[in-house]
Amino acid sequence: MKASVIGCGRWGSFIAWYLREIGHGVTLYGRESSEHMQRFLRERTNGLVSFDETVTLTTSLDEALAPELVCISIGSQGLSSLMAQIARHGVRGKTFVLCMKGIEVDTGRRLSEIAEEAVGEENDVAVWLGPGHVQEFLAGIPNCMVIDSRSEAVKERLIDTLSGELIRFYYGADLIGNEIGAAAKNVIGIAAGMLDGKGVSSLKGALMSRGTREVARLIVAMGGHEISAYGLCHLGDYEATVFSPYSHNRRFGELFVRGEAYNELAEGYYTVRALRTLAQRYGVDMPICRAVYAVLYEGADAWAEMGKLFTRSLKREF
């Protein structure tokens with residue numbers, strides 16, 4: 001089938017590469033002002049993936065919206081604006097797959113909620129979540145990921161369409177839990193990076209066990225299922241987020257506590273603000289998120305905040 005990918009960053013360009021590898025016709029869209037897109041137009045590569053002439057490169061949103069399947073991979077805080085643009089095109093009969101993780105900071109909305117509110121009346125919306133790094137996929141290392149949607153038929157169709165030897169897809173059964181869990185794991189990744197930066201990586205075990213519990217509490221409070229925090233979209237993504245050298249969020253946290261700049265997108269930086277709002281709204285205690293927020297936004301000392309976490313009563317925490 002024909003598909004398009006909106007977003008030409010690292011993950012979006014990989015999705016375009018993957019879709020072509022499994023036999024689909026692919027259009028990759030990027031804004032004309034995007035440095036990533038300009039490099040693709042000049043060289044047909046970003047240094048990680050390369051495209052031959054069978055992949056269409058475009059800066060026209062009209063052209064990107066032509067296929068039935070439209071995958072979106074952009075920074076989460078830009079989704080509302082993009083979906084408003086898409087809605088103005090009067091699209092119908094499309095399936096929008098959100099290949100991204102985050103929560104809207106100003107409203108606390110999940111990304112599927114943003115998309116459905118914009119185009120959901122005449123179109124289908126799904127999410128593509130779970131562990132995996134572009135560098136590992138391109139090296140031929142397979143992984144398992146999740147497709148979720150409010151529609152069972154959409155999930156079945158997408159899993160049949162998107163499955164290949166490199167990625168095995170599972171049926172999601174909790175859109176709330178999977179989206180919140182996927183977004184929240186990036187905050188845990190930042191906390192893990194802070195531990196790395198302070199030279200106490202051995203505390204990641206405690207971080208992971210506590211992190212899963214506090215995210216599970218929020219998922220339940222929002223109407224999702226507790227077990228989702230232990231699935232591929234949260235706990236199942238910890239290896240790729242908490243330990244991997246390719247993890248943007250882990251690396252950001254590590255460099256932040258060392259006082260060094262990091263120039264790549266770390267979604268957890270925004271997500272922790274949204275989680276703090278949601279925790280207050282639903283009355284859920286989220287000490288890890290509170291500590292990360294304090295360090296990033298209030299200038300709190302990272303080691304002091306991490307220390308508070310690990311001196312809390314285990315009985316009281318669990």
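Since we're looking at a predicted model, the values are computed, not measured.

1. Side note on the sheet that holds strand β7 (residues 143-149)
Neighbouring strands of a sheet are bound in pairs by backbone hydrogen bonds; such pairs are parallel or else antiparallel. Here eight strands make up an open sheet; going across it, the order is β3-β2-β1-β4-β5-β6-β7-β8 and the pairing mixed. Each edge of the sheet is formed by a strand with only one pairing partner; in this case those strands are β3 (56-58) and β8 (167-171). Direction aside, the axes of adjacent strands within the sheet are offset by 25 degrees on average. Direction of pairing for strand β1 (residues 2-6) relative to strand β4 (residues 69-72): parallel, over a ladder of four bridges. Within the sheet, the bridge partner assigned to I6 lies in β4 and is I72. Sheet contacts for helix α2 (residues 35-43): β2 (25-29) and β3; angle to β3, the most-contacted strand, approximately 135 degrees.

2. Details of the side chain of N178
Take N178: it is sitting in helix α8 (residues 175-197). A polar contact is formed between the side chain of N178 and the side chain of D148, at a distance of 2.8 Å. Non-local contacts of N178, meaning those with residues more than four positions away in its chain, are made with L129, V146, D148, G172, A173, S228 and C233.

3. Regarding the packing of α8 against helix α13 (residues 287-298)
α13 packs onto α8 with a crossing angle of 65 degrees between their chain directions and a minimal axis gap of 10 Å. Like other packed secondary-structure pairs, α8 and α13 cross with a definite hand, here left-handed. Touching V187, I188, I190, A191 and M194 of α8 are I288, C289, V292, V295 and L296, all from α13. Looking at the contact of α8 with α13 residue by residue, the class counts come to 10 nonpolar, no polar and no charged.

4. Brief notes about the side chain of H133
Locating H133 in the fold gives a position in the loop between β6 (124-129) and α6 (134-138). The class of H133 is buried, set by a relative accessible area of 8%. A distance of 2.5 Å separates a polar side-chain atom of H133 from the backbone oxygen of A240. One polar contact links H133 to S244, side chain to side chain, over a distance of 3.4 Å. Excluding residues within four positions of it along the chain, H133 makes contact with A240, S244, Y246 and S247.

5. Observations concerning the nonpolar core
Among the nonpolar cores identified, the biggest contains 43 residues, and I180, M194, L218 and V292 are the most heavily contacted of them. Secondary structure elements with two or more residues in this core: α8, α9 (204-221), α10 (238-243), α11 (248-257), α12 (268-282), α13 and α14 (302-310). Among the elements that make up this core, the one with the highest residue count is α8 (11 residues). Not counting the four nearest positions on each side in its chain, V292 is found in contact with V187, I190, A191, M194 and V272. In this structure, Y18, L19, V97 and I167 belong to the second largest nonpolar core, which totals 35 residues.

6. As for the pattern of salt bridges
Here the idea is simple: oppositely charged side chains can pair when their charged atoms come close. Scanning the model with the defined rule gives 21 salt bridges in all. Here R251 makes a salt bridge to E254, at a shortest N to O gap of 3.0 Å. With R251 and E254 both in helix α11 and three residues apart, the pair spans about one turn of that helix. Given the relative accessible area of 8%, E254 is considered buried. The partner of K308 in a salt bridge is E305, and the shortest N-O contact between them spans 3.2 Å. One end of the pair is K308 and the other is E305, both in helix α14 and three residues apart, which spans about a single turn.

What counts and how
- Here the residue numbers are simple positions, counted from 1 along each chain's written sequence.
- Restriction of local features to residues with pLDDT of at least 70 applies here, the model being predicted, together with a cutoff of 80 or more for giving and counting side-chain atom pairs; totals for whole chains, interfaces and linings are based on all residues.
- By convention in this description, side-chain values take in all heavy atoms of the structure and omit both hydrogens and water.
- Pairing between strands is defined by DSSP: at least two bridges between the two strands are required.
- A run of DSSP states H or I qualifies as a helix once it reaches four residues; a run of E qualifies as a strand once it reaches two. Both are numbered from the N-terminal end.
- Here an axis means a line fitted to C-alpha atoms, over the contact stretch when the element is a helix, while the angle between two N-to-C directions is reported on a 0 to 180 degree scale.
- Residues count as neighbours in contact if any of their non-hydrogen atoms are within 4.5 Å of one another.
- N or O atoms within 3.5 Å of each other form a polar contact, as long as, within protein, one can give a hydrogen and the other can take it, and as long as residues adjacent in sequence are counted only when both atoms are side-chain atoms.
- Crossings are classed by handedness, with left-handed meaning an anticlockwise turn of the near helix from the far one by less than a right angle and right-handed meaning a clockwise turn.
- Lys, Arg, Asp and Glu make up the charged group, whereas Ala, Val, Leu, Ile, Met, Phe, Trp, Tyr, Cys and Pro make up the nonpolar group; the residues left over, Gly among them, are polar.
- Residue exposure (1.4 Å probe, protein chains only): buried if accessible area is under 20% of the type maximum, exposed if over 50%, otherwise partly exposed.
- Within this scheme, the nonpolar core is defined by two criteria: the residues are buried Ala, Val, Leu, Ile, Met, Phe, Trp, Tyr or Cys, and they are joined through side-chain atoms within 4.5 Å.
- In the sections that follow, a salt bridge refers to a side-chain nitrogen of Lys or Arg positioned within 4 Å of a carboxyl oxygen of Asp or Glu.

Note that all results are geometric; they support no functional claim without further evidence.
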